[in-house]
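# Commentary on secondary and tertiary structure
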Amino acid sequence: QKLGLNELRERYLSFFESKGHLRLPSFPLVPQNDASLLLINSGMAPLKPYFTGKEEPPRKRVTTCQKCIRTPDIENVGKTARHGTFFEMLGNFSFGDYFKNEAIPWAWEFVTKDLKIPVERLWVSIYEDDDEAFEIWTKSVGIPAEKIVRMGKKDNFWEIGTGPCGPCSEIYFDRGEDKGCGSPDCKVGCDCDRYIEFWNLVFTQFNRDDEGNYTRLANPNIDTGMGLERLACIMQDVNNLFEVDTVRNVLNNVCSIAEVKYGENNKTDVSIRVITDHIRSTTMMVSDGVIPSNEGRGYVLRRLLRRAARHGKLLGVEGQFLYNLAMVVINESKEAYPELFEKAEYIQKVIKIEEEKFQHTIDQGLAILNGYISDLKSSSDKVLSGDKAFKLHDTFGFPFDLTREIAEENGFSVNEEEFRAEMEKQKTAAKIAQGNKDGAGWDDNIYSTLDKSIKTEFLGYGSFECDSNI
Ligand code: ATP
Ligand code: MG
Ligand code: MG
Ligand code: MG
């Protein structure tokens, strides 16, 4: 009997309740009173005021299951086994209360005693200088030293500009050689999906000042984060996040709507997983009050919806389908997030309107592309120029892979190199125009990850594609 995602969530939260933690519901995806972050991307993000001491926590020990959006992972979605733009993060937090001596053994107890994950499959990473953590892992927990990997600042030290920061310790699960990259150098920390990181324990023990000095905090904090879907993936022994029980139901619906089979063709599978992921993130975002627009989180939502719609086209789906899929997400998650059910009709409506708008864009682009293709047919050329593909993409918001797909159906290829060069030119121009707007370290840097095509398209069409006032 394999534990379902919903059961695992409950197991975790009640385990930490038994350790004196107060269970709080997930905070909304839209940050409250925090302009530095576009969307909540971790369990600790909405708890920042408690960590910085700006607000008094309701208890010094808190546990949550937090809805998270991580758009910087978008390129990985559907390709790696472990990344979604939406996921739920389980966490236990100490605001100046318990520290490493409790956090590490409790994590181990939950994983090996409560969930009974075989010890042989587990690995641990620590920050290279964190001998304290090494002692606890080896002495109190009793892990052999050779199962502990020391990692550098990039991976295992959590810090954002100035303020509280500290080393991390992560727990990994070895999914077996067949799930790995096959390289002889493959080990914990390898980017492939063999050793999957599933729990990160952050020991906020320093304060970093403007000059880069680290001083030890009198009352250090604990902040842990475990991906619920990753945990379920391990516990249910499935290939990836999208095959976890509740998520799989969404995936199956994608397949039946598109009339495609999962597991037969890699490219098709990627599209299926992308749609599965994006309908989850967008349903959750709309439920939390985000509406499609051309800036900020509304733009993130629009981009995700259109990306999902585009993959639907690649699978050969005709017309609008995402709003129906949203209902599957709602049904799978309403137990943990009752607000989904209450807002079901509204969520579907918002998604449907955006799908219709995208359809309009597609129709327009298709008309132009068909013109290019008939020109090609009456010439001896076999290649659609990168300029034309770029114009379709930039001015009409028509996705490049659709252009290629349709060109290929007609026996033509597209000059991708030329297209990429145009993209680069535009990116550089956009960067110069925008200046360096990073800075606030809490932001998840959405604009460097997502291309600007959709934005540009609306400039071209002016009024009718304005923000939707739903
Ligand atoms: P990875 O190195 O695999 O990208 P991470 O180090 O970026 O993960 P953390 O920032 O440490 O992840 O987040 C804590 C936990 O949240 C991770 O250990 C993982 O279980 C989960 N998690 C992180 N990113 C994702 C994602 N995109 N999809 C699903 N779960 C995630
Ligand atoms: Mg990551
Ligand atoms: Mg990591
Ligand atoms: Mg990590």
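The model shown is predicted, which means the values in this text are computed figures rather than measured ones.

Turning to the pairing of strand S7 (residues 163-174), a few remarks are in order. Extensive coverage of S7 is indicated by the burial of 11 of its 12 residues. Looking at chain direction, strand S4 (residues 122-127) and S7 are connected through five bridges and run antiparallel. Paired with Val-124 across the bridge in S7 is Ile-171. Bridge count for strand S6 (residues 157-158) against S7 is two bridges, and the pairing is antiparallel. Within the sheet, the bridge partner assigned to Phe-157 lies in S7 and is Pro-167. Sheet topology note: the S7/strand S8 (residues 195-208) ladder contains 10 bridges and is antiparallel. Within the sheet, the bridge partner assigned to Ile-171 lies in S8 and is Trp-199.

This paragraph deals with the packing of aromatic side chains. Per the counting criterion, the structure on display carries 20 aromatic pairs. Plain terms: the ring middles of Phe-206 and Tyr-214 are 5.9 Å apart, the flat faces sit at 70° to each other, and that makes the pair edge-to-face. Joined through ring pairs, the aromatic side chains of Tyr-12, Phe-15, Phe-16, Phe-110 and Trp-199 make up one cluster. Just above the ring of Phe-134 sits the side chain of Arg-150; from NZ or CZ to the centre is 4.9 Å. Above the ring of Tyr-372, the side-chain terminus of Lys-388 is found at 5.5 Å from the ring centroid.

Two elements in contact, helix H8 (residues 266-287) and helix H10 (residues 322-333), have axes separated by 9 Å at closest approach and are oriented at 75°. The orientation of H8 with respect to H10, classified from their angle, is roughly perpendicular. In contact with Ile-275, Ile-279, Arg-280, Thr-283 and Met-284 of H8, H10 contributes Leu-322, Leu-325, Ala-326, Val-329, Ile-330 and Ser-333. Across the contact of H8 with H10, the residue classes break down as eight nonpolar, two polar and one charged.

On to empty space enclosed by the protein, then. What the rule picks out here adds up to four cavities of 30 Å³ or more. Considering only enclosed or pocket space, the largest cavity measures out at about 70 Å³ in volume. Residue lining of the largest cavity: Ala-309, Gly-312, Lys-313, Val-317, Gly-319, Gln-320, Phe-321, Glu-355, Phe-358 and Gln-359, and that is the complete set. Those elements that place two or more of their residues in the lining of the largest cavity are helix H9 (296-314) and helix H12 (344-377). Split by residue class, the lining of the largest cavity holds four nonpolar, four polar and two charged. Taken as a whole, the second largest cavity holds about 40 Å³ of empty space. In this structure, the second largest cavity is lined by Gly-84, Phe-86, Glu-229, Leu-241, Phe-242, Val-247, Asp-277 and Arg-280. Here the lining of the second largest cavity is composed, by residue class, of four nonpolar, one polar and three charged.

Attention shifts here to the domain arrangement of the protein. By the assigned domains, the protein splits into domain 1 (5-235) and domain 2 (244-465). On a C-alpha basis, the centroid separation for the pair domain 1 and domain 2 is 31 Å. Along the contact surface separating domain 1 from domain 2 lie three salt bridges. Glu-339 is the partner of Lys-67 in a salt bridge, and the nearest nitrogen-oxygen pair spans 2.7 Å. Along the contact surface separating domain 1 from domain 2 lie 11 residue pairs in polar contact (both at pLDDT 80 or more).

With 12 residues, H10 ought to run about 16 Å at 1.5 Å a step, and its terminal C-alpha atoms sit 16 Å apart, in line with that. Buried residues of H10: Leu-322, Leu-325, Ala-326, Val-328, Val-329, Ile-330 and Ser-333, and no others. Tucked inside the fold, the buried residues of H10 contact helix H7 (245-258), H8, H9, helix H11 (339-342) and H12.

Geometry reference: four tetrahedral donors at a metal, ideal angle 109.5 degrees. Six octahedral donors, ideal angles 90 or 180 degrees. The protein atoms donating to the magnesium ion (ligand 4) are Glu-170 (OE) and Glu-197 (OE), with metal-donor distances spanning 2.2 to 2.7 Å. The distance between the magnesium ion (ligand 4) and the magnesium ion (ligand 3) comes to 3.2 Å, with Glu-197 serving as a donor to both metals. Separated by 27 residues along the polypeptide, Glu-170 in strand S7 and Glu-197 in strand S8 bring together distant segments of the chain. By relative accessible area, Glu-170 is classed as buried at 4%. The exposure class of Glu-197 is partly exposed, given its relative accessible area of 24%.

How each quantity is defined
- Every chain's residues receive numbers from 1 upward, in the order its sequence appears when written.
- Following the order in which they are written, the chains are lettered starting with A and the ligands numbered starting with 1.
- Since the coordinates come from a predicted model, pLDDT governs what is reported: local features require at least 70, and pairs of side-chain atoms require 80 or more to be given and counted, while whole-chain, interface and lining totals use all residues.
- In computing side-chain properties, one takes all heavy atoms of the structure into account and sets aside hydrogens as well as water.
- Buried residues are those whose accessible area, probed at 1.4 Å on protein chains only, stays under 20% of the maximum for their type, while exposed residues exceed 50% and partly exposed ones sit between those limits.
- Each helix is a run of DSSP H or I of at least 4 residues and each strand a run of E of at least 2, with the numbering of both proceeding from the N terminus.
- If DSSP finds at least two bridges between two strands, the strands pair.
- Two rings from Phe, Tyr or Trp (for Trp, the six-membered ring) form a pair when their centres sit within 6.5 Å of each other. Planes less than 30 degrees apart are called stacked, planes more than 60 degrees apart edge-to-face, and all others tilted.
- Cation placement over rings: the criterion is NZ of Lys or CZ of Arg within 6 Å of the ring centroid and within 35° of the ring normal.
- Under this scheme, a helix contributes an axis fitted over its contacting stretch, all axes are lines through C-alpha atoms, and angles between N-to-C directions fall in the 0 to 180 degree range.
- Between 65 and 115 degrees an angle is taken as roughly perpendicular, under 35 as roughly parallel, over 145 as roughly antiparallel, and anywhere else as oblique.
- Residues are treated as being in contact if the distance between any of their heavy atoms lies within 4.5 Å.
- Side-chain classes follow a simple rule in which Ala, Val, Leu, Ile, Met, Phe, Trp, Tyr, Cys and Pro form the nonpolar group, Asp, Glu, Lys and Arg form the charged group, and the remainder, Gly included, forms the polar group.
- Within this scheme a cavity is a closed region of a 1 Å grid, computed over the protein atoms alone, that accommodates a 1.4 Å probe without allowing it to escape, whereas a pocket is open but has protein on both sides within 12 Å along at least five of seven lines; lining residues each have an atom within 4 Å of a point.
- Grid points are joined across faces, edges and corners, and a volume is the space filled by probe spheres set on the points.
- Residue ranges for the domains originate in an automatic or database domain assignment.
- In the sections that follow, a salt bridge refers to a side-chain nitrogen of Lys or Arg positioned within 4 Å of a carboxyl oxygen of Asp or Glu.
- Whenever two N or O atoms come within 3.5 Å, that pair is a polar contact, provided that in protein one can donate a hydrogen and the other can accept it, and provided that, for residues adjacent in sequence, both atoms are side-chain atoms.
- Every helix has an expected span of 1.5 Å times one less than the residues it contains.
- For Na, K and Ca the donor cut-off is 3.2 Å, and for all other metals it is 2.8 Å, counting N, O and S atoms only; because water is absent from this set, sites may look incomplete.

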